[in-house]
Amino acid sequence: MRHIAAIIICSLIPLVSFAESCNEQCKREKAEAKRTEKFPSYLSWKFCEDTRFDFMTTAVASLDKYRTHHFDTRYKGGMRNIKGFVEQRKEWLQECDDYLASTRDERIFEDDKTTKAIFNAMDDISTEMNQLIAGTPSTQDSSQVINSRFETLLKRVDDHKTLMLLKGRFVTR
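Presented here is an overview of the structure given in this document. (Residues numbered from 1 in each chain as written. Predicted model: local features only at pLDDT ≥ 70, side-chain atom pairs only at ≥ 80, totals over all residues. Heavy atoms only, no water.)

1. With respect to helix α6 (residues 142-167)
Here is step 1: Here α6 contains 26 residues, and its C-alpha end-to-end distance of 38 Å stays within 8% of the 38 Å for a straight helix at 1.5 Å per residue.
Here is step 2: All buried positions along α6 are accounted for by Ser142, Val145, Ile146, Phe150, Leu153, Leu154, Val157, His160 and Met164. (Helix = DSSP H or I, 4+ residues; strand = E, 2+ residues; numbered from the N terminus. Expected span 1.5 Å × (residues − 1). Buried < 20%, exposed > 50% of the residue type's maximum accessible area, 1.4 Å probe, protein only.)

2. A few points about the side chain of Arg89
Here is step 1: The topology assignment puts Arg89 in helix α4 (residues 76-103).
Here is step 2: Buried within the structure, Arg89 lacks any salt-bridge partner; Asp54 is the closest side chain of opposite charge, at an N-O distance of 8.1 Å.
Here is step 3: Here the side chain of Arg89 touches Gln88 through a polar contact of 2.6 Å, side chain to side chain.
Here is step 4: Dropping the residues within four chain positions of it, Arg89 is found in contact with Phe55, Ala59 and Met122. (Lys, Arg positive; Asp, Glu negative; His and termini not counted. Salt bridge = Lys/Arg side-chain N within 4 Å of Asp/Glu carboxyl O. Polar contact = N/O pair within 3.5 Å; in protein donor to acceptor, adjacent residues only side chain to side chain. Contact = heavy atoms within 4.5 Å.)

3. Focus on the packing of aromatic side chains
Each aromatic ring pair is specified by the distance between its two centres and by the angle formed by the two planes.
Here is step 1: According to the stated counting rule, one finds 6 aromatic pairs in the structure shown.
Here is step 2: Aromatic pair Tyr42 and Phe47: ring centres 5.3 Å apart, planes at 65°, arrangement edge-to-face.
Here is step 3: Judged by relative accessible area, Tyr42 falls into the partly exposed class, the value being 41%.
Here is step 4: By the ring-pair criterion, three or more aromatic residues cluster together here, those being Phe55, Phe109 and Phe119. (Phe/Tyr/Trp six-rings, centres within 6.5 Å; stacked < 30°, edge-to-face > 60°.)

Fair warning: the whole summary comes from geometry, so function is off the table for now.
Structure (C-alpha cells):
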C-alpha cells in the first residue's frame, strides 16, 4: 500500500511544479513590474523568434545581394536605403533582445558574445555608410572597406546559423 501511495505522490510532483510554473504572460508581467514600464503588445517569444529567423534568412540574403550586385559609392540614395535597412533591423533585434533578456533570460543570438558581435558588425556597416554618404575621404578604397564590413556581418550570421543548425534549434521553413 505504501508503494502505491509513493508512486501516486511521485507522479503528482511534476504536475504540481508545472501548475506553479510561470508562462510567458506571467514572466512578461514580472518583467514589466521590475522595469516599471510596459513592453509593446506585439512583443512575444514567437514574434522575436520570427524576427530573428527573418533577419538570418531574408534580410541577410538581401544585404548580400545588394553588396554583390548593386553597391556603388557613386549612388548615395542606395547607400542611405541600405543604412536605414540595417539600422531598422538592428532596432527590431535589439527590442527583441531586451524582451527576451527580461522575460526568458536569454539573448536574441544565443549568447552575449554572439549577440554583441552581430550588433557591432551592423554598427560598423552603418558607420561606414555614414562616412561614404558624407563624402569623408578614406585612406583605403571605400568599396573594399564596406565590402569587408558586409563580409564580417554575413560571416557572423552564417556562423551563428550553422551552430543553431547543429544544435537543432534552427529549422528552415
